[in-house]
Amino acid sequence: MISRRRFIKGVVGTAAAFVTHSAAAVTPPPPNIIFILADDIGYGDVGWYGAQKVKTPNIDRIGREGIKFTDAHSTASVCTPTRYSIMTGEYAWRNPDGDHILSGVDPCAIDPAKPTIASVMKQAHYVTGLVGKWHLGLGTKENPVDYNSEISLGPADLGFDYCFYYPATNDRVPCVYIENRRVVGLDPADPIRVSYGDKVGDDPTGADHPEMLKMKADPSHSKTIVNGISRIGYMSGGKSARWVDEDMADTLTTKAVQFIEQNRREPFFLYFSPHDIHEPMAPNPRFKGTSECGARGDAIHELDWCVGQILDAVDRFARNTIVIFTSDNGGAIKNTYDDGTNSLHALQPPNGPLRGDKGGLYEGGHRVPFLARFHAPVEKWNKSSQLIGLVDLMATCAAVPGHKLPDNAGPDSFNALPALEGNDTPVRDHLVLQQNGHARLAIRQAQWKYIEPAKQQKNAAAAAVPGELYDLSNDLAESKNVAAENPDLVARMAGLLEQARSGPRTRP
Ligand code: CA
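Residues numbered from 1 in each chain as written. Predicted model: local features only at pLDDT ≥ 70, side-chain atom pairs only at ≥ 80, totals over all residues. Heavy atoms only, no water.

Draft legend 1. Geometry of the sheet that holds strand 7 (residues 182-183). Within the open sheet, the 10 strands sit side by side as 7-6-5-4-12-1-13-14-2-15. Their pairing is mixed. Sheet topology places strand 7 and strand 15 (382-384) at the edges, where each strand pairs with a single neighbour. Relative to strand 12 (residues 268-273), strand 4 (residues 127-133) is paired through six bridges, and the arrangement is parallel. Bridge pairing in strand 12 places Val131 opposite Phe272. The strands that helix 3 (residues 57-64) touches are strand 2 (67-69), strand 13 (321-327) and strand 14 (370-373); relative to strand 14, the one it contacts most, it runs at about 65 degrees. (Pairing = 2+ DSSP bridges. Helix = DSSP H or I, 4+ residues; strand = E, 2+ residues; numbered from the N terminus. Contact = heavy atoms within 4.5 Å. Axes fitted to C-alpha atoms, helices over the stretch in contact; angles between N-to-C directions.)

Here it is, written out as structure tokens:
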């Protein structure tokens, strides 16, 4: 374990050198922050966490030169609610607009009156950028998003100085990029129409034209075909603006590297959210066949390449930078596209030794890789078993320049910076976890994990259905539910969960 003093010395080393050689004694600039949020990367998908059949040397480098967390959690086991909690520092289950997976036409889940991680970092004099996946809705209920005009409400209204993003997921329409407030490359003579209900336009669908597909899909993913891949939802128009899946990693990474280079003289905060490895897994041909795990492994290799490009840009332009790598939820085990990878999971379980997967409340749904690196390499491999959640990102980033979090910001966000610096003081007492929607929650405290009964069971005799309780200190795989023999502990955990749920915040 490195000492806090040594770690901080590494962080501000560049800045300190600047002060030494400068005529005026100025406060050293705070480190930049690059937060890399991979999509659907599981606890077993990264070499530094034990993966053997895929190689992730660049992601591993963050851990090798920084710190590896073994008990970090996406606050939900699906995209939107985790991303909501990252942006707002608030548990997503507090907000019915942001607690579930959103479509490409749903309104923005974030109340513009609320501070976001971007607006907080702007207050702290950072330049803020977003590159990659958004998936938090656009427009408002009163003024739904129109992809042919200026887009508001979106990330450009929520504290980001620069954004280059795609609206929802790579399996959902519309399959276009947005730069700041406008769809990139849109021909006004070919306007975009989007529907998640009735079909719009004449584009072929996967259901009607399976012969046109690169990979077949289940019925929900068999609507409009874009780039030979059928999607969730219908779209027409916008032909010149449509993305090519195989080029997404190059496009997004190029934009992220440009942001780093252009803002290298400012403290900057970059939220970089690659599309990998969310399905459809269609990596660039140069990654095809490079892994032993089919398209899924090849997509992990593509993601690792993206991370390598970011680290290379940091080395070239912005050495005083904190780089964090993590995932928005656990690995998916059953892909809905028939890309041949489902049968390969046994080669390398996406979530390692954990039970469950994306979408569930078992550890495989939300315990994720979390690596953080400051510029200066540490002498030996460093690891933390601190319990942290991605909802903690806001308070953690604000603490980097010593910015006081406003009282109305991040109601559930705790400062994990000391833990990133190798300090053993607990970050938080407990952490609430959710799946898609807020019907059922789980809570962690110390080694105990309590999963409340499903809703339909709540009205049954409480004693007969006490929910689930696991002792993760000796049962990380959640194989033995010990709720029945620990009624007092179950009552305490259920009470703690109820306290978190009924109050407005958990941060003091
Ligand atoms: Ca995800």
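Draft legend 2. The arrangement of the packing of aromatic side chains in detail. Enumeration over the complete set of coordinates arrives at 13 aromatic pairs. Ring geometry for Tyr91 and Trp93: centres 5.0 Å apart, planes at 20 degrees, overall stacked. Here the aromatic rings of Tyr362 and Tyr470 are separated by 6.2 Å at their centres, their planes lie at 70 degrees, and the arrangement is edge-to-face. One end of the pair, Tyr362, is in the loop between strand 13 and helix 8 (363-366); the other, Tyr470, is in strand 20 (residues 468-471), with 108 residues separating them in the sequence. (Phe/Tyr/Trp six-rings, centres within 6.5 Å; stacked < 30°, edge-to-face > 60°.)

Draft legend 3. Main features of the environment of Thr80. Examined against the element boundaries, Thr80 turns out to sit in helix 4 (residues 79-88). As for Thr80 and Ala168, which are separated by 88 residues in sequence, their C-alpha atoms are 9.0 Å apart. When residues no more than four places from it in sequence are discounted, the contact partners of Thr80 are Gly98, His100, Ile101, Leu102, His135 and Leu136. In terms of polar contacts, Thr80 uses its side chain to reach the backbone carbonyl oxygen of His135, at 3.1 Å. (Polar contact = N/O pair within 3.5 Å; in protein donor to acceptor, adjacent residues only side chain to side chain.)

Draft legend 4. Structural detail: the layout of surface pockets. Roughly 360 Å³ of internal volume is contained in the largest pocket. Lining the largest pocket are 20 residues, with His221, His278, Glu279, Thr336 and Lys358 positioned closest to its centre. (1 Å grid on protein atoms, 1.4 Å probe; cavity = no way out; pocket = protein on both sides within 12 Å on 5 of 7 lines; lining within 4 Å. Points joined across faces, edges and corners; volume = space filled by probe spheres on them.)

Draft legend 5. Expanded view of the pairing of strand 18 (residues 437-445). With six bridges connecting them, strand 17 (residues 430-435) and strand 18 associate as antiparallel partners. Bridge pairing links Leu431 to Arg444 in strand 18. Where strand 17 folds back onto strand 18 in an antiparallel hairpin, the turn is made up of one residue. Pairing analysis gives four bridges linking strand 18 to strand 19 (residues 448-451), with the strands arranged antiparallel.

Draft legend 6. Representation of the coordination of the calcium ion within the structure. Around the calcium ion, the protein contributes the donor atoms Asp39 (OD), Asp40 (OD), Cys79 (SG), Asp328 (OD), Asp328 (OD) and Asn329 (OD1), which lie 2.2 to 2.6 Å from the metal centre. Under the relative-accessibility criterion, Asp39 is labelled buried at 0%. (Donors = N, O, S within 2.8 Å, 3.2 Å for Na, K, Ca; no water. Buried < 20%, exposed > 50% of the residue type's maximum accessible area, 1.4 Å probe, protein only.)

Draft legend 7. Up close: empty space enclosed by the protein. Inspection of every chain in the model, using the stated rule, returns two cavities of 30 Å³ or more. Of the pockets and cavities examined, the largest cavity occupies roughly 70 Å³. Lining the largest cavity we find Asp45, Val54, Cys293, Arg296, Gly297, Ile300, Thr341, Leu344, His345 and Gln348. Taken together, the residues of the lining of the largest cavity break down into four nonpolar, four polar and two charged. Every residue along the wall of the second largest cavity is listed here: Ile324, Phe370, Ile388, Gly389, Leu390, Asp392, Leu393, Thr396, Ala416 and Leu420. If you list the elements that add at least two residues to the lining of the second largest cavity, you get strand 16 (388-389) and helix 9 (393-399). (Nonpolar A, V, L, I, M, F, W, Y, C, P; charged D, E, K, R; others polar.)

Draft legend 8. Local environment of the confidence of the model for the protein. Summing up the model confidence of the protein, the mean pLDDT is 92 and the portion of residues at 70 or higher is 92%. Within the model, the stretch residues 1-23 combines pLDDT values under 50 with 34 contacts to residues more than four positions away or in other chains. (pLDDT = per-residue confidence, 0-100.)

Draft legend 9. The pairing of strand 12, seen in detail. The element strand 12 is extensively covered by neighbouring structure, given that six of its six residues are classed as buried. Alternating positions in strand 12 separate into two faces, Phe268, Leu270 and Phe272 on one and Phe269, Tyr271 and Ser273 on the other, with burial throughout. Bridge count for strand 1 (residues 32-38) against strand 12 is four bridges, and the pairing is parallel. Within the sheet, the bridge partner assigned to Ile33 lies in strand 12 and is Phe269.

Draft legend 10. View of the nonpolar core. If you look at the biggest cluster of nonpolar residues, it comprises 110 residues, and the most contacted ones within it are Trp134 and Phe269. The element best represented in this core is helix 7 (residues 294-317), accounting for 10 residues. Here Trp134 is in contact with Arg83, Met87, Cys108, Ile110, Gly154, Pro155, Leu158, Tyr165, Tyr166 and Pro167, once residues within four sequence places are set aside. Of all hydrophobic cores here, the second largest spans 25 residues; its members include Trp93, Trp448, Ala483 and Val490. (Core = buried A, V, L, I, M, F, W, Y, C linked by side-chain atoms within 4.5 Å.)

Draft legend 11. Structural view of helix 4. Of all 10 residues making up helix 4, 10 are buried, and the element is well covered by its neighbours. Contacts made by the buried residues of helix 4 are with strand 1, helix 5 (117-123), strand 4, strand 12, helix 9 and strand 17. Backbone geometry just downstream of helix 4 places Gly89 in the positive-phi region, at approximately 65 degrees.

Draft legend 12. View of the side chain of Ser384. Residue position: Ser384 is located in strand 15. A polar contact is formed between the side chain of Ser384 and the backbone nitrogen of Gln386, at a distance of 3.1 Å. With sequence-adjacent residues up to four places away left out, Ser384 is seen in contact with Ile67, Lys68, Phe69, Thr70 and Asp71.

Draft legend 13. Focus on the environment of Glu279. As for its position among the elements, Glu279 is in the loop between strand 12 and helix 7. For Glu279, a relative accessible area of 11% corresponds to the buried category. Placed 56 residues apart in sequence, Glu279 and Asn335 show a C-alpha to C-alpha distance of 7.0 Å. Leave out the neighbours within four places in its chain, and Glu279 touches Asn170, Asp171, His221, Asn335, Thr336 and Tyr337. Looking at Glu279, its side chain comes within polar contact range of the main-chain nitrogen of Tyr337, at 3.3 Å.

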